[in-house]
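Observations on the model geometry
As a plain string of letters, each chain reads:
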Amino acid sequence: QDSLGRRLSSGINAEYGEFKTIQHYFIQINLSFCGMSKTIKLVSQSKCYGGLQCVYEHESSILKCNMKFGCFLPPQHEKKKNLPVVYFLSGLTCTEQNFIMKSGFQKYAAKHGMVVVNPDTSPRGFDFPGEHDSYDFGSGAGFYVNATEDPWKNNYRMYSYVTGELPSVLASNFNINVNKSAISGHSMGGHGALISALKNPGKYKCVSAFAPINNPSECPWGVKAFSGYLGENKGAWKQYDATYLAKEYDGPKMEIMVDQGEEDPYLADKQLLPENLSNACSGNKLLNLNLRIQPGYDHGYYFITTFIEEHFTFMARHIC
């Protein structure tokens, strides 16, 4: 390719956050006919471990609002195509910033040549009645489900956003290999990672989680969220409950890595229930759960930072 050809195939102009390719202009035009757009805008960018820690925003057709997501582009992104991708889902009250700023994952993503994407935890900007009243429901607490109850059902569709729209947006804008994907998360996001992997056999080559909500149908956080988003029919809750999904999983063999702090206050409060997921996986030969109880650790980011390297090593074995 000549210099112009390289520029036309290079994707996004990182400095200005604009599309600079004929291909992307065609994508944008074609999608406009069906009311969708995969256009993204660069919000921030910082060099980190030889790569770029970016934040992008876009208009989500699923959530019907502007959404931000973090995207770490490793040093290899400048020369290598079809990079593996890791999705990380954050917990209650978080935005796209928490994982970026606190976990230290970038060192290990750079080492393994992984693109790492972490979305916000809920739609934003609607101001529904009660949406901002509590930390564990509404804004910052989308629970990675597709709501079926008013007023949430038209916008609180984080499951479809994470497993459908976001990967499509990424594939249109970055040199990633969608067939080499892994997913991870923390707390509510650990729940989101588990159900995304269990509901989509083969889509993610493995799944890891830090202190996930393993059996939301049976814990106070989950009961509150599922009642509000999905209604009172508990039978409908099972489709978003990792413990029930693990019992019914019938896909390719999958490895699951879960770290749980032994001094986590939410463990004692019966919010997390890792023993229930363990029992479900032990009865399914297609799932290999490595549940590690870590003495002395709590629920916070010091815990995540301590073990994040091991989780990225685990995921790299499956997608790199």
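Calculation notes
- Residues numbered from 1 in each chain as written.
- Predicted model: local features only at pLDDT ≥ 70, side-chain atom pairs only at ≥ 80, totals over all residues.
- Heavy atoms only, no water.
- Phe/Tyr/Trp six-rings, centres within 6.5 Å; stacked < 30°, edge-to-face > 60°.
- Helix = DSSP H or I, 4+ residues; strand = E, 2+ residues; numbered from the N terminus.
- Buried < 20%, exposed > 50% of the residue type's maximum accessible area, 1.4 Å probe, protein only.
- Lys NZ or Arg CZ within 6 Å of the ring centre and 35° of its normal.
- pLDDT = per-residue confidence, 0-100.
- Contact = heavy atoms within 4.5 Å.
- Salt bridge = Lys/Arg side-chain N within 4 Å of Asp/Glu carboxyl O.
- Arc of directions from axis to C-beta.
- Pairing = 2+ DSSP bridges.
- Axes fitted to C-alpha atoms, helices over the stretch in contact; angles between N-to-C directions.

Looking now at the packing of aromatic side chains. Taken as a whole and assessed by the stated rule, the structure comprises 22 aromatic pairs. Ring geometry for phenylalanine 88 against phenylalanine 99: centres 3.7 Å apart, planes inclined by 5°, an arrangement best described as stacked. A residue pair is termed long-range when its members are at least 10 positions apart, and phenylalanine 88 in strand E6 (residues 83-89) and phenylalanine 99 in helix H3 (residues 97-102) qualify at 11 residues. Like phenylalanine 99, phenylalanine 88 is buried. Centroid distance tyrosine 297 to phenylalanine 303: 6.2 Å. Interplanar angle 45°. Geometry classified as tilted. According to the relative accessible area criterion, tyrosine 297 is partly exposed, its value standing at 28%. Here a set of aromatic residues connected by ring pairs shows up, and it is made of Phe126, Phe128, Phe137, Trp152, Tyr156 and Tyr229. The ring centre of tyrosine 159 lies 5.1 Å from the NZ or CZ of lysine 199, which sits over that ring.

Next up on the list: the confidence of the model for the chain. When pLDDT is averaged across the chain, the result is 90; 88% of the residues are at 70 or more. Counting interchain partners and residues more than four positions distant, the pLDDT-below-50 stretch residues 1-36 has 45 contacts.

This part takes up the pattern of salt bridges. A complete count under the given rule lists 5 salt bridges for this structure. A salt bridge links aspartate 120 to arginine 124, with the shortest nitrogen-to-oxygen separation between them at 2.8 Å. Residue aspartate 120 is classed as buried on the basis of its relative accessible area of 5%. When its relative accessible area of 30% is taken as the criterion, arginine 124 is described as partly exposed. One salt bridge in this structure joins arginine 292 and aspartate 259, with 2.7 Å as the shortest N-O distance. Here arginine 292 is found in strand E11 (residues 287-294), whereas its partner aspartate 259 is found in strand E10 (residues 254-261), with 33 residues between them in sequence.

Next up on the list: the environment of tyrosine 297. Locating tyrosine 297 in the fold gives a position in the loop between E11 and helix H11 (301-319). Sequence separation between tyrosine 297 and aspartate 259 is 38 residues, and the spatial gap between their C-alpha atoms is 10.0 Å. Setting aside chain neighbours within four positions, we find tyrosine 297 in contact with Gly261, Glu262, Glu263, Asp264, Phe303, Thr306 and Phe307.

Those residues of helix H10 (residues 274-282) lying buried are Pro274, Leu277, Ala280 and Cys281. The arc enclosing the buried residues of H10, seen along the axis, measures out at 125°, which places them on a common side. Facing away from the buried side of H10 by more than 90 degrees, the exposed set consists of Asn279 and Ser282. Elements that come into contact with the buried residues of H10 comprise helix H6 (188-199), helix H8 (242-248), E10, helix H9 (265-268) and E11.

With that settled, consider the sheet that holds strand E8 (residues 176-186). Spatially, 9 strands are ordered E3-E4-E5-E7-E6-E8-E9-E10-E11 in an open sheet, and the strand pairing comes out mixed. Lying at the two open borders of the sheet, with one neighbouring strand each, are strand E3 (41-48) and E11. For this sheet, the mean inter-axis angle between neighbouring strands, taken without regard to orientation, is 20°. Judged from the 6 bridges that link them, E6 and E8 form a sheet pairing that is parallel. If you follow valine 85 over to E8, its bridge partner there is serine 181. Along the sheet, helix H5 (residues 158-173) contacts strand E4 (51-60), strand E5 (65-73), E6, strand E7 (115-119) and E8; its crossing angle with E4, the most-contacted strand, is approximately 115°. This element, H6, spans E6, E8, strand E9 (207-210), E10 and E11 of the sheet and lies at about 140° to E8.

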